[in-house]
Number of protein chains: 2
Amino acid sequence: MAGTNRAIDAVTGGPVIILVDPQMGENIGATARAMYNFGLVELRIVRPRDGWPNARAIANASGALEVIDRAQIFDCVPDAIGDLHHVFAATARPRDMVKEVVTPRGAAQHIRQYEAASLRSGVLLGGERAGLSNDDLVRAKTIITIPTNPSFASLNLAQAALLLAYEWFLLRDETPDSVVTDSETRPANGHEMDGLFVHLESELRASGFLYPPEKRPTMTRNIRNMLHRANLTEQDVRTLRGMIASLAQGRNDKSPA
Amino acid sequence: MAGTNRAIDAVTGGPVIILVDPQMGENIGATARAMYNFGLVELRIVRPRDGWPNARAIANASGALEVIDRAQIFDCVPDAIGDLHHVFAATARPRDMVKEVVTPRGAAQHIRQYEAASLRSGVLLGGERAGLSNDDLVRAKTIITIPTNPSFASLNLAQAALLLAYEWFLLRDETPDSVVTDSETRPANGHEMDGLFVHLESELRASGFLYPPEKRPTMTRNIRNMLHRANLTEQDVRTLRGMIASLAQGRNDKSPA
């Protein structure tokens with residue numbers, strides 16, 4: 001039943017995804033893939049139309065067999081959620097129930113808090129044809145509604161699972177929102193930038209570019225700002241100085257003559 | 001060409017999604033669906049393997065014909081991005097390039113700021129077989145890397161498009177804290193950057209800088225990445241081209257003699 005525990009151990013512990021009356025094996029497989037892309041491994045399936053195991057689910061899981069192999073099958077929703085402390089239901093915002101409604105991001109925050117208290121969460125997702133019944137919704141403490149384009153609001157199972165898993169994963173992930181890749185080299189320091197500016201401006205002056213003289217301060221300031229914005233590495237500075245020397249070579253060759 | 005403008009008008013203006021060498025129509029259709037679920041309508045396709053229009057794309061779009069009908073086909077990436085001011089490339093973090101890397105959330109923040117300044121963005125997504133080439137990456141100012149389960153990192157086109165569109169959509173109501181450009185000028189677009197690169201590389205080759213020839217691709221790639229990082233304005237491009245012409249003038253004056 002349980003697959004081998006590979007590196008995924010580091011990201012287990014997330015919410016259980018519970019598919020209720022799913023029809024197409026392709027959608028179950030795509031859901032498993034989406035879950036595993038973001039480190040969720042526990043899939044439960046209530047009354048899969050085409051039985052289990054399902055070859056199309058396996059094919060569409062694209063290798064997420066960790067999830068497929070662990071999947072558990074249930075006859076009814078109460079059994080599938082019996083061990084869970086907090087059950088969410090993903091659906092459009094219900095009009096006739098008084099319930100907390102959260103976004104996927106809000107749900108992820110709740111789920112992380114429950115995890116910190118060693119409490120288990122699960123999310124009910126309804127099948128292709130009928131979605132979740134009112135009885136299913138009543139069993140959930142909280143509704144998850146994914147905000148979408150009002151002209152085209154319908155998400156399939158795998159899309160909904162992807163967004164839920166993604167938001168859950170991001171709350172553990174520590175990748176900063178923005179970073180500049182560093183390879184071998186380091187950012188240029190002030191001396192190196194100064195050396196570049198002096199070299200460039202000297203060649204530009206010699207070539208007649210920094211003209212007329214009264215505009216020179218503004219022109220050099222703009223050039224320096226432009227180069228500073230590039231966050232040059234020390235390798236970049238060497239490359240640029242090589243380029244400047246190479247471009248200016250014709251004139252320098254000529255001038256002593 | 002253009003579909004009827006329904007309620008979607010309220011959420012247009014988002015980034016262009018550019019698929020490069022996509023193979024399966026199913027994936028193109030699923031990408032269109034994911035885009036439209038979160039209000040993106042502009043799809044461009046570079047060299048679709050199976051031609052265009054594609055019946056499988058239409059079937060898998062699940063009704064997102066607003067996107068399918070507007071899709072534009074291109075022979076090469078430069079043409080597909082020529083009118084865009086900021087190009088992102090979605091890929092795993094590159095090891096050998098110095099470039100800003102952002103998450104989908106970070107990218108969405110950038111894109112919303114550009115929109116506030118009436119600037120157009122696009123995201124390159126590579127095909128199923130080979131992903132994006134180094135040449136494609138060089139054309140992008142910024143890399144988008146989606147954080148995933150390291151044991152199962154590969155996302156398909158539609159999954160990547162879904163997460164990018166979702167993050168963009170969630171920011172729809174936010175007024176950006178700051179705007180990128182000042183009032184005087186605007187960021188250089190793809191055509192202007194290409195013109196700069198061609199001019200610079202032609203002069204560098206003539207001066208003997210891009211030597212030996214087998215190193216030329218790496219050298220030009222590094223130079224292009226460095227200049228992209230500077231977020232050049234169209235005024236900067238004109239200044240740089242003036243500098244290049246001025247520096248190279250000595251050799252050019254001499255050579256005809």
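Residues numbered from 1 in each chain as written. Chains lettered and ligands numbered in written order. Predicted model: local features only at pLDDT ≥ 70, side-chain atom pairs only at ≥ 80, totals over all residues. Heavy atoms only, no water.

A. Region of interest: the nonpolar core. A:Leu43, A:Leu125, B:Phe38, B:Leu43 and B:Leu125 are the most contacted members of the largest nonpolar core, which has 82 residues in total. Residue contributions to this core peak at 11 residues, all from helix α7 (residues 157-170) of chain A. With residues up to four places along the chain from it excluded, the contact list for B:Leu125 reads B:Ile17, B:Ile18, B:Leu19, B:Val20, B:Ala90, B:Leu132, B:Leu157, B:Ala160, B:Ala161 and B:Leu164. B:Ala188, B:Ala230, B:Val237 and B:Leu240 belong to the second largest nonpolar core, which has 38 residues in total. (Core = buried A, V, L, I, M, F, W, Y, C linked by side-chain atoms within 4.5 Å. Buried < 20%, exposed > 50% of the residue type's maximum accessible area, 1.4 Å probe, protein only. Helix = DSSP H or I, 4+ residues; strand = E, 2+ residues; numbered from the N terminus. Contact = heavy atoms within 4.5 Å.)

B. The sheet that holds strand β5 (residues 100-102) of chain A, seen in detail. All names here are of chain A. Strand order in the open sheet formed by seven strands is β3-β2-β1-β6-β4-β7-β5, and the pairing between neighbours is parallel. The open sheet is flanked by β3 (72-74) and β5, the only strands paired with a single partner. Each strand axis lies, on average, 25° off the axis of its neighbour in the sheet, ignoring direction. Here helix α1 (residues 25-37) sits on the sheet in contact with β1 (16-20) and β2 (43-46), set at roughly 165° to β1. (Pairing = 2+ DSSP bridges. Axes fitted to C-alpha atoms, helices over the stretch in contact; angles between N-to-C directions.)

C. Focus on the interface of chain A and chain B. Listed by partner, the interface residues are 67 residues for chain A and 70 residues for chain B. With both sides pooled, the region where chain A packs onto chain B buries about 5600 Å², and carbon together with sulfur makes up 60% of that total. Where chain A meets chain B, there are three salt bridges. A salt bridge links B:Glu167 to A:Arg105, with the nearest nitrogen and oxygen atoms 3.0 Å apart. The interface formed by chain A and chain B includes 23 residue pairs in polar contact (both at pLDDT 80 or more). (Buried area = accessible area lost by both parts, 1.4 Å probe. Salt bridge = Lys/Arg side-chain N within 4 Å of Asp/Glu carboxyl O. Polar contact = N/O pair within 3.5 Å; in protein donor to acceptor, adjacent residues only side chain to side chain.)

D. Structural context of the domain arrangement of chain A. If you check the domain split of chain A, you get domain 1 (16-170) and domain 2 (190-253). Taken over C-alpha atoms, the centre of domain 1 of chain A sits 58 Å from the centre of domain 2 of chain A. (Domains from an automatic or database assignment.)

E. Seen up close, the packing of helix α5 (residues 104-116) of chain A against α7(A). All names here are of chain A. Across the interface, α5 lies against α7 with an axial gap of 8 Å and an inter-helix angle of 55°. It follows that α5 is oblique to α7 by the angle criterion. The hand of the α5/α7 crossing is right-handed. Judged by residue contacts, Pro104, Arg105, Ala108, Ile111, Arg112 and Glu115 of α5 engage Leu163, Leu164, Glu167, Trp168 and Phe169 from α7. Counted by class, the contact of α5 with α7 contains seven nonpolar, no polar and four charged residues. (Parallel < 35°, antiparallel > 145°, perpendicular 65-115°, else oblique. Left-handed = near helix turned anticlockwise from the far one by under 90°. Nonpolar A, V, L, I, M, F, W, Y, C, P; charged D, E, K, R; others polar.)

F. Seen up close, empty space enclosed by the protein. On inspection of all chains with the given rule, the structure shows five cavities of 30 Å³ or more. Approximately 210 Å³ is the volume attributed to the largest cavity. Lining the largest cavity are 13 residues, with A:Leu240, A:Met243, A:Ile244, B:Leu240 and B:Met243 sitting closest to its centre. At the level of secondary structure, the elements contributing two or more residues to the lining of the largest cavity comprise α8 (190-207) and α10 (234-254) of chain A together with α10 (234-254) of chain B. In this structure, the second largest cavity encloses a volume near 160 Å³. Lining the second largest cavity are 18 residues, with B:Ile81, B:Arg139, B:Gly190, B:Met193 and B:His228 sitting closest to its centre. (1 Å grid on protein atoms, 1.4 Å probe; cavity = no way out; pocket = protein on both sides within 12 Å on 5 of 7 lines; lining within 4 Å. Points joined across faces, edges and corners; volume = space filled by probe spheres on them.)

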